[in-house]
Amino acid sequence: MSNCVIVGVNWGDEGKGRMVDLLTEKYDVVVRYQGGGNAGHTVINEKGKFALHLLPSGIFRDNVVNILGNGVALDPENLIKEIENVKEKGIKITPENLKISERASLLMPWHIKQDILEEDRLKDKKYGSTKQGIAPFYSDKFQKKTVLAGELLDDEKSIEHIKDLTKWKKLILENVYNDNSCSLGDIETWYRTYVYKIKPFICDTGEFLSKAVKDGKNILFEAQLGTLRDIDFGIYPYTTSSNTLSAYAPIGAGVPFLRIDSVIGVVKAYSTCVGEGPFVCEMFGEEAEKLRTAGAEFGAKTGRPRRVGPIDIVATKYGVKMQNATEIALTKLDVLSYMKKIPVCTGYISEGKKTDRFLFPTKLESAKPIIEYLDGWQCDISKIKKWDKLPQKARDYVEYIEKSIGTRIKYISVGAERDSIIIR
Ligand code: GDP
Ligand code: MG
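Structure report, in brief.

The rules we used
- Residues numbered from 1 in each chain as written.
- Chains lettered and ligands numbered in written order.
- Predicted model: local features only at pLDDT ≥ 70, side-chain atom pairs only at ≥ 80, totals over all residues.
- Heavy atoms only, no water.
- Donors = N, O, S within 2.8 Å, 3.2 Å for Na, K, Ca; no water.
- Helix = DSSP H or I, 4+ residues; strand = E, 2+ residues; numbered from the N terminus.
- Buried < 20%, exposed > 50% of the residue type's maximum accessible area, 1.4 Å probe, protein only.
- Near = heavy atom within 4 Å.
- Polar contact = N/O pair within 3.5 Å; in protein donor to acceptor, adjacent residues only side chain to side chain.
- Areas by Shrake-Rupley, 256 points an atom, 1.4 Å probe, with all protein chains shown as cover.
- 1 Å grid on protein atoms, 1.4 Å probe; cavity = no way out; pocket = protein on both sides within 12 Å on 5 of 7 lines; lining within 4 Å.
- Sits in = over half its atoms within 2 Å of the grid points.
- Nonpolar A, V, L, I, M, F, W, Y, C, P; charged D, E, K, R; others polar.
- Domains from an automatic or database assignment.
- Disulfide = S-S within 2.5 Å.
- Patch = residues over 30% accessible without salt bridge, like charges linked within 9 Å, V, L, I, M, F, W, Y side chains within 5 Å.
- Salt bridge = Lys/Arg side-chain N within 4 Å of Asp/Glu carboxyl O.
- Lys, Arg positive; Asp, Glu negative; His and termini not counted.
- Charge placed at Lys NZ, Arg CZ, Asp CG, Glu CD.

## Description of the coordination of the magnesium ion (ligand 2)
Then, number 1: Asp13 (OD) and Gly40 (O) make up the full set of protein donors to the magnesium ion (ligand 2), lying at 2.0 to 2.1 Å. Separated by 27 residues along the polypeptide, Asp13 in the loop between strand E1 (3-8) and helix H1 (16-23) and Gly40 in the loop between strand E2 (29-32) and strand E3 (41-45) bring together distant segments of the chain.
Then, number 2: A relative accessible area of 22% means that Asp13 is categorised as partly exposed.

Rendered as structure tokens:
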């Protein structure tokens, strides 16, 4: 038996979905352990092209059981719509291959409303939220003002609980935001339309996973976003509201006693960052436009153009360390093929001094990047499947990153399709 966590090392959108889809071949169970429907994991395989938000990326493999752990933000409306979309393309989704933790909390329609109202209130100081209700959801979870999925199995009691919470949330929305649109009637309609449909999937997934561990099954834990969006160790407050780190996987999945065997850190061959927050290595103008277009860097969930930059060795080294990554998957190397000289951010200048430390968030705001250049290879590498077939300059680039971050790059992805991969 072995278990492995797949995480983003940087700001997210590194290609985790693509890597999970590839690697699930060897696993029996795939668990999402944090975050919610604000994820955008693009998967392209023989069944089509999918943008997964809450469903684990193992959903396309026939023999994989997919779990939404207690750590996720369970939005029944989004989940049901996603299940229906994916099923339309011929994918089987039943309580046999999708299980929802009875301990997962429900993301309610008012969380989305509150998220939008708060971002509007913040105006030019907004956090750059995807407006999926994630921050209000996790705040409420920690104030113990959410409904657990397992409660839904008793209709009468759960409806009573939801009624109580509606009264409380109405007070907040009316008094803080002057918004009167939260109504019990709407919540009842939402309950009838979506909540009923998730009930068959709810069970004690902790028990299921414990048994899977005991039976020697292979388990893959799938994270959302990346290190720099971690609520505790990221670019707070421009982070998400949960822990995106591998260390949180056993807790968010429901097996807090489990020791992790390996961690695959997914690193993109250059940097992208969606939304607000300090992004020291950011490129602008024509140079940025070219890279954004080459990498098709537009959000899978929001369609927003992603901010782009060269690979940031400082941020990546920090990400690898915080994730305790034991091996690296380097993605989108093919995107850099057009560059004659490839920029690399090798350090920062902060308060007049050079540093290779990922700084405290407010210090990052004023830091400037130190950029060096490596030679480009300037030819199509997207069909290459073997390390020694890569042009020397591409191998130099990979080896330079590997040396700089001190962790082995085992996988090199040169295209979005499942088999566009070089395994070293
Ligand atoms: P995730 O959120 O980490 O799963 O990443 P996203 O799916 O948001 O972003 C990665 C994007 O790059 C998706 O559109 C993938 O289809 C695409 N992609 C992944 N790996 C590669 C690669 O090696 N080359 C290219 N050209 N595209 C890739
Ligand atoms: Mg994404």
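## Focus: the site of ligand 1
Then, number 1: Around ligand 1, a shell composed of 17 residues is seen, among which Lys16, Gly40, Thr42, Asp334 and Ser413 lie nearest.
Then, number 2: One nitrogen or oxygen atom from the main chain of Gly15 is found 2.9 Å from an oxygen atom belonging to ligand 1.
Then, number 3: At a separation of 3.2 Å, an oxygen atom of ligand 1 approaches a polar side-chain atom of Arg306.
Then, number 4: Against a free-state accessible area of 580 Å², the protein chains account for coverage of 90% of ligand 1.
Then, number 5: Taking a 2 Å distance to the grid points as the criterion, the majority of the atoms of ligand 1 fall inside the second largest pocket.
Then, number 6: Contributions of two or more residues to the shell around ligand 1 are made by H1 and E3.
Then, number 7: In terms of residue count, the dominant contributor to the shell around ligand 1 is H1 (3 residues).
Then, number 8: Residues belonging to the shell around ligand 1 are distributed by class as follows: 3 nonpolar, 7 polar and 7 charged.
Then, number 9: Residue assignment places the shell around ligand 1 across two domains, with domain 1 (3-103 + 202-264) and domain 3 (269-311 + 332-402 + 414-423) each supplying three or more.

## Observations regarding the state of the cysteines
Then, number 1: Evaluated as defined, the whole model comprises 0 disulfides.
Then, number 2: Free cysteine Cys345: the closest other cysteine sulfur is in Cys281, separated by 5.5 Å.

## Description of a negative patch on the surface
Then, number 1: A cluster of acidic side chains, namely Asp154, Glu156, Glu160 and Asp164, defines a negative patch on the protein surface.
Then, number 2: Examined against the element boundaries, Asp154 turns out to sit in the loop between helix H4 (134-142) and helix H5 (155-177).
Then, number 3: Asp154 gets classed as partly exposed once you look at its relative accessible area, which sits at 33%.

All quantities given are derived from atomic positions and should not be read as evidence of function.
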